[in-house]
Structure formats: structure tokens, C-alpha cells
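Below are the chains, spelled out letter by letter.
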Amino acid sequence: MRYSEYTKQALSNISLLQLWDDKARLARRLKIAKNKQDRNQYGSDLAVINSELDRRGSTVSPEEIFRP
């Protein structure tokens, strides 16, 4: 899944929970990425996800909301 290739309409059809899950997954992959091409791709995908979450006004992850 390459978020940097999605249109705005396609992004708006993705649920917030899926965006937060993908953000966490991409952040883990970015942390362990070995080559520059992978780091650049994960970083650009994270930027797209972050801007979509900001656009929707979702700044708190579901884990933080439901944390006891």
C-alpha cells in the first residue's frame, strides 16, 4: 500500500482506524528500513497519512482514547 499514490478521494474512503493502524505499521518499518529508497517511501507515506489525519481533525490515536 503506497499512500503517496492515492488520490484525495481514495484517502477519504479509508477509515480512521485503518489510517492509525497503517501509520503505526509504517513507523515501525521506517525505523528498521535498511536502504534509502525504502526510508524515503515510508517517510512520504507517513506524511500523507499525517496530513489526512490532520485534515480530518484526528490528532489522538484510538489507543490513547481507550487507554485505562
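Our subject is the structure that appears above.
Everything in this summary refers to the structure shown in the same document. Treat the numbers as computed from the prediction; the structure is a model and nothing was measured.

We now examine helix α2 (residues 16-32). Relative to the 24 Å expected for 17 residues at 1.5 Å per residue, α2 spans 25 Å between its end C-alpha atoms, a close match to the ideal helical length. Along α2, the residues classified as buried are Leu19, Trp20, Asp22 and Leu26. The buried residues of α2 occupy an angular sector of 165 degrees when projected down its axis, which confines them to one face. Exposed side chains of α2 directed beyond 90 degrees from the buried face belong to Arg28, Lys31 and Ile32.

The tally for this structure, following the rule as stated, stands at one aromatic pair. When the centroid spacing of 5.1 Å and the interplanar angle of 40 degrees are considered together, the rings of Tyr3 and Tyr6 count as tilted. You can call Tyr3 buried: its relative accessible area is 0%. Look at Tyr6 and you get partly exposed, because its relative accessible area is 32%.

Reading the values: rules and limits
Residue positions within a chain follow its written sequence, with the count starting from 1. Under the rules for a predicted model, residues below a pLDDT of 70 receive no local features and side-chain atom pairs below 80 are neither given nor counted, while totals for whole chains, interfaces and linings still include all residues. The basis for every side-chain value is the complete set of non-hydrogen atoms in the structure, without hydrogens or water. Each helix is a run of H or I in the DSSP string that is no shorter than four residues. Each strand is a run of E no shorter than two, and both are numbered from the N terminus. Expected helix span is given by 1.5 Å per residue-to-residue step, counting one fewer step than there are residues. Partly exposed residues are those whose accessible area sits between 20% and 50% of the maximum for their type, while under 20% is buried and over 50% is exposed, using a 1.4 Å probe and protein chains only. By construction, the arc corresponds to the directions joining the helix axis to the C-beta atoms. Aromatic pairs are defined between Phe, Tyr and Trp rings, using the six-membered ring for Trp, whenever the two ring centres lie within 6.5 Å; interplanar angles under 30 degrees are classed as stacked, those over 60 as edge-to-face, and all others as tilted.

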